[in-house]
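What follows is each chain in one-letter form.
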Amino acid sequence: MIVNYRKSQRGGHAPVHINGVEVERVKSYKFLGVHISEDLSWSLHIYRFLKVLQIDLQEEQNRREHHTDLFASPNLIVRRGQEFRISITFDGPYNPSKDGFYVEFRIGVNPQIHKQTAIIVSPNQDNKGPWQSQLLENKGNIIEMGITPSANCIVGKFLMYAVVVAPTGLIRDKENSSEIYILFNSWAPDDTVFMHDDTERMEYVLNQVGTIYCGSISNVMKRPWHYGQFENGILDACLYLMDDATIPLISRGDPVVVARQGSAKLNSQDDNGVLTGKWSEDYSHGRAPTSWTGSVEILHLYASNGVPVNYAQCWVYAGVFNTFLRCLGIPSRVITNYNSAHDNDRSLKTDIIVDCNGKIDKKYTKDSIWNFHCWNECYMARPDLPLDFGGWQVVDATPQETSDGLYRCGPAPLYGIKQGVICYPYDSPFVFAEVNSDVIFYKRDKYGKLTKVSVNETYVGKMLLTKAIGQDVPINITELYKFPEGTMQERLALQMAESYGTEKDRSVLPKVDVEMKVTVKPVTLGEDFQLVLIFQSLGRSLYNVDVFVSGNVMYYTGVSGPEFMSTTLQVQVDPSRQTTATVDVRSEEYMNKLFGHGNLHFFITGKVKETGHMLNIMHPVSLISPQLTVKVTGVPQVNQRMFVTVEFTNNFGFSLKDVTLTVEGTWVLPPKTKTYSSIAPASTITWTQSFIPMDPGLKMLMACLDCEYLRQVCGTASVYINV
């Protein structure tokens, strides 16, 4: 085709030759989908196609229906397996039979349809892919579509494009593209994290504040924790963790993989993860684990530079991991196991070596029993396991032992742990031992010979607690982990576990002739108190018992510190009644050696003179720390300035040095920290911080004071904000 631009047309044109071949002349030509004629009358031949003018994601309605309206992010956030709606405005009416139009969702670097990283849906209900869509309304130039991501789709941040079919091919409208987050959905029956009970979903997915239990079996203490899974930047931080953990995109729809890889990424032991653990008292290169009040600051710090945050211990790992799981939509809760065994060799035995003087031999005792240990449970189906093994799964981010080469644990099915069926993935034998190990006491003579003297089958896994649904009180869930001690079901579960390779001590010891127990009333830090030893004869004879008591300060992980007292006494046990003896413990004996959580550990041994039988008891004592006073003042109304005041009095006879005080509140106050170089005896500090609530509802403000002598000083206050 020749286009002649000359004003006057002078005859014809000479033929055009290429390589000696004459080129055919035509009257019109199609170029880039446009038909152009030799007289340039091209407008009559253009094929018209729609242009997208606007996409309305209907954020408010969609977020409300998908239970994501609490997220601070301005983006659309939906949950998989549930329809969301969008409206598209074109430059003309949409005709389903003539106009080609699609919506495309892309995730990752090189999206591909067969990997479900590229998803295309149509309003014409001709979708052959895993996602569903439908045309809900077609009115004028506006259509409304309903789109349902598959209930097992990838969880993450997708780019959504409108795609129109033009003569030149597909045109992806980048001007109206949007970022859309898709999460797990415990409200969708086809999602593997589905929960039936709405009150459970409210607690285990939507609740942003919680209580983590600590202390000891004889003195349960609690500390508030701000999970903050909906706070600004937290969702992106959690997705960054999945990227950093190199979870393949195709696996990010599987809660088993996400929870397992997440438990590894939360610690920095081997993969430069979120938190650095430290169980000594030198926190000079970071913050003491006891000084944190929540997860938000930690995740912001890590997401900003990818450098592990210093420092954490088990409840910090559990608190941040809970935020990660709930943020992504996986129901989760924090569990505290009291008297938690650390089993290195799958033996179901914790060996305690006692020297000739009746003290624990620190050199040869390698096993440990933690006063308490915190881990997480997450709720999901386990299609990779037999039917009954779905439900609550144990996961643990605290680095204790490696699993498949990384420091991680779980998910281990709770049903299997209780039944002793510990052959299924992941790490069930380790969790089973944490709640079922026997404590075996050996006496080591001067030649190094070990003689087994006693076994305690009920000390480990004494009680497991978690926060109750909708209430700030603990519930005892021990029955979910183990059958009652001494029952037939318990024996069968232990036999089942042994059949999978664990070892339980089966040796028979001589009959016990005297029982010994110890009780201690709750003790406040700095108080004198008494150990009450109770003896009961199991025979008809009068027995004389030589008793040795040693007291050490102790890390909550069961690692002993310096000894602060030791004493001996002789007790005559009458067969007709209980016999009691008391041991006085003075505060000046332990205060100058105290560290960490304020834990004392007493080891009591007794030898029955008449029979030579040995009695052994370990008894931890968690000292009660003073509490902070937290008060909220001002008009409890949106956009009105309010104040939170934290007060603390030093009732000790010495100054507290290098004290940090942290306060934060859900949705009303980001973490604020103030430092005091010294708080003198009998003096009071008061700190008032203002805040302006931006939305209504119940808010919790929490504060934490931390220094070398005081590690568990917390306080909370709640206020309801009106519109």
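Residues numbered from 1 in each chain as written. Predicted model: local features only at pLDDT ≥ 70, side-chain atom pairs only at ≥ 80, totals over all residues. Heavy atoms only, no water.

1. Focus on a nonpolar patch on the surface
Reasoning step 1: Residues Val 16, Ile 18 and Val 23 make up a contiguous nonpolar surface patch of about 240 Å² in total accessible area.
Reasoning step 2: Position of Ile 18 relative to the elements: it lies in strand β1 (residues 17-18). (Patch = residues over 30% accessible without salt bridge, like charges linked within 9 Å, V, L, I, M, F, W, Y side chains within 5 Å. Areas by Shrake-Rupley, 256 points an atom, 1.4 Å probe, with all protein chains shown as cover. Salt bridge = Lys/Arg side-chain N within 4 Å of Asp/Glu carboxyl O. Helix = DSSP H or I, 4+ residues; strand = E, 2+ residues; numbered from the N terminus.)

2. Describing the pattern of salt bridges
Reasoning step 1: Applying the stated criterion across every chain, the model contains 23 salt bridges.
Reasoning step 2: Measuring nitrogen to oxygen at the nearest pair gives 2.8 Å for the salt bridge that ties Glu 377 to Arg 333. Here Arg 333 lies in strand β18 (residues 332-342) and Glu 377 lies in strand β20 (residues 368-380), a separation of 44 residues in the sequence.
Reasoning step 3: The class of Glu 377 is buried, set by a relative accessible area of 0%. (Buried < 20%, exposed > 50% of the residue type's maximum accessible area, 1.4 Å probe, protein only.)

3. Structural notes on the pairing of strand β13 (residues 169-183)
Reasoning step 1: Looking at chain direction, strand β6 (residues 76-79) and β13 are connected through four bridges and run parallel. Within β13, the residue paired with Val 78 across the bridge is Ile 182.
Reasoning step 2: As defined by bridge partners, strand β12 (residues 156-166) adjoins β13 across 10 bridges and the pair is classed as antiparallel. The residue of β13 that forms the bridge with Leu 159 is Glu 179.
Reasoning step 3: The hairpin formed by β12 and β13 contains two residues between the paired strands. (Pairing = 2+ DSSP bridges.)

4. Structural notes on the confidence of the model for the protein chain
Reasoning step 1: Put simply, the protein chain has an average pLDDT of 91, and 94% of its residues get 70 or more.
Reasoning step 2: Scored below 50 in pLDDT, residues 42-46 shows four contacts in the model against residues more than four places distant or in partner chains. (pLDDT = per-residue confidence, 0-100. Contact = heavy atoms within 4.5 Å.)

5. Here's the deal with the packing of helix α3 (residues 234-244) against helix α5 (residues 296-305)
Reasoning step 1: Following both chains from N to C, one finds α3 and α5 inclined at 55°, their axes separated by 9 Å at the closest point. When the axes of α3 and α5 are compared, the pair comes out oblique. Taken as a pair, α3 and α5 cross one another with a handedness that is left-handed. Facing Ile 234, Ala 237, Tyr 240, Leu 241 and Asp 244 of α3, the residues of α5 in contact are Val 296, Leu 299, His 300, Tyr 302 and Ala 303. (Axes fitted to C-alpha atoms, helices over the stretch in contact; angles between N-to-C directions. Parallel < 35°, antiparallel > 145°, perpendicular 65-115°, else oblique. Left-handed = near helix turned anticlockwise from the far one by under 90°.)

6. A look at the sheet that holds strand β39 (residues 669-679)
Reasoning step 1: Sheet architecture is open: four strands sit in the order β39-β38-β41-β42, paired in antiparallel fashion. Because the sheet does not close on itself, it has two edges, and the strands there are β39 and β42 (713-721). For this sheet the average axis-to-axis angle between neighbouring strands, irrespective of direction, equals 15°.
Reasoning step 2: Strand direction decides the pairing type here: strand β41 (residues 697-706) and β42, joined by nine bridges, are antiparallel.

7. Some remarks on unusual backbone geometry
Reasoning step 1: Backbone torsion omega between Asn 310 and Tyr 311 reads 5°, so that peptide bond is classified as cis.
Reasoning step 2: Topologically, Tyr 311 is positioned in strand β17 (residues 309-312).
Reasoning step 3: Here Pro 425 and Tyr 426 are connected by a cis peptide whose omega angle stands at 5°.
Reasoning step 4: Here Tyr 426 shows up in the loop between α7 (414-419) and α8 (428-436).
Reasoning step 5: Even without being glycine, Gln 58 reaches a positive phi, approximately 45°.
Reasoning step 6: In this structure, Gln 58 sits in the loop between β5 (52-56) and α1 (59-65).
Reasoning step 7: Given a relative accessible area of 13%, Gln 58 falls into the buried group.

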